[in-house]
Amino acid sequence: VDGDVGSKPHVDGGYYTCTPENYPLVGPAQDVEGAYVCGGLAGYGLMAAHGAGELLAAHVVGGPLPSYAGAFDPRRYGEEAYLPELLDVLEKGGGAI
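Quick look at the structure, then. (Residues numbered from 1 in each chain as written. Predicted model: local features only at pLDDT ≥ 70, side-chain atom pairs only at ≥ 80, totals over all residues. Heavy atoms only, no water.)

Thoughts on the overall build of the chain
Stated precisely, the cut-off is as follows: Numbering goes from the N terminus for both helices and strands, where a helix is a DSSP run of H or I of at least four residues and a strand is a run of E of at least two. Restricting the calculation to C-alpha atoms gives the radius of gyration, and the globule rule supplies 2.2 Å times the number of residues raised to the power 0.38. Exposure categories follow from relative accessible area, calculated using a 1.4 Å probe and restricted to protein chains: below 20% of the type maximum is buried, above 50% is exposed, and the middle band is partly exposed. Residue contacts are defined here by distance: any two heavy atoms, one from each residue, within 4.5 Å place the two residues in contact. Accessible surface is estimated by sampling points in the Shrake-Rupley manner with a 1.4 Å probe; for residues, cover comes only from the protein chains shown. Positive: Lys, Arg. Negative: Asp, Glu. His and the chain ends are not part of the count. The location of each charge is read from NZ of Lys, CZ of Arg, CG of Asp or CD of Glu.
Helix and strand counts for the chain come out as three helices and two strands. For 97 residues, the compact-globule estimate of 2.2 N^0.38 gives 13 Å, and the chain exceeds it by more than 25% at 18 Å. In the chain, which comprises 97 residues, the share counted as buried stands at 23%. Residue pairs in contact within the chain that sit at least 24 positions apart in sequence constitute 58% of those at least 6 positions apart. Per element, the accessible surface of the chain, about 7,000 Å² overall, is 58% carbon and sulfur. Each charge class in the chain can be summarised by its mean position, and for the 4 positive and 13 negative side chains these summaries are 6 Å apart.

What about the pattern of salt bridges?
Cut-off, in case you're wondering: In the sections that follow, a salt bridge refers to a side-chain nitrogen of Lys or Arg positioned within 4 Å of a carboxyl oxygen of Asp or Glu.
In total, this model carries three salt bridges according to the counting rule given. For Arg 76, the salt bridge is made with Glu 21, and the minimal N-O distance between the two is 2.8 Å. Of this pair, Arg 76 sits in the loop between α2 (69-72) and α3 (82-91) while Glu 21 sits in the segment before β1 (25-28), and the two are 55 residues apart along the sequence. A residue is classified by how much of its surface remains accessible, and Arg 76, at 1% relative accessible area, is buried. When its relative accessible area of 2% is taken as the criterion, Glu 21 is described as buried. With its nearest N and O atoms 2.7 Å apart, the salt bridge here joins Arg 75 to Asp 73.

What about the layout of surface pockets?
With a probe scaled to a water molecule rolled over the atoms, the places where space remains empty come into view. Counted only if it meets this: Grid spacing is 1 Å over the protein atoms alone, the probe is 1.4 Å, and a cavity is where that probe fits but cannot get out, while a pocket is an open set with protein on both sides within 12 Å along at least five of seven lines and lining residues have an atom within 4 Å of a point. Grid points are joined across faces, edges and corners, and a volume is the space filled by probe spheres set on the points. Ten residues, namely Ala, Val, Leu, Ile, Met, Phe, Trp, Tyr, Cys and Pro, are considered nonpolar, four, namely Asp, Glu, Lys and Arg, are considered charged, and the remaining ones, Gly among them, are considered polar.
Taken as a whole, the largest pocket holds about 160 Å³ of empty space. Ranked by residues supplied to the lining of the largest pocket, first place goes to helix α1 (residues 45-61) with four residues. Split into classes, the residues belonging to the lining of the largest pocket amount to 10 nonpolar, three polar and no charged.

Comments concerning the environment of Cys 38
Along the chain, the position of Cys 38 falls in strand β2 (residues 36-39). Once the C-alpha coordinates of Cys 38 and Gly 70 are considered, the two residues, 32 residues apart in sequence, prove to be 14 Å apart. Those residues in contact with Cys 38, other than ones at most four positions away along the chain, are Leu 25, Val 26, Ala 52 and Leu 56.

Focus on the side chain of Thr 19
The cut-off we apply is this: We define a polar contact as two N or O atoms separated by no more than 3.5 Å, with the added condition that, inside protein, one atom must be a possible hydrogen donor and the other a possible acceptor, whereas residues neighbouring each other in sequence contribute only through side-chain atom pairs.
Along the polypeptide, Thr 19 turns up in the segment before β1. Of the polar contacts made by the side chain of Thr 19, one reaches the backbone oxygen of Tyr 23; its length is 2.6 Å.

What follows is the structure, encoded as structure tokens:
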């Protein structure tokens, strides 16, 4: 508060960005041609940055994708077949919600 000498500063260390099932979002954006997403790394941003960057680069240049790439693809939420898998993860206590 301006002018309040007795107030203490507030420090916010940031927020964990994560998906409901706690899998990151790395790949082409859904419904936006030419846009890509690399986020939702929860608290592992710095530790996972190298791998996420390599995976994103493979998407951008059309290179070969590793077998796990589909688990992190942001377009997974638009696939009807993914809903049962998402619900299963959440029912087992995994995920962020």
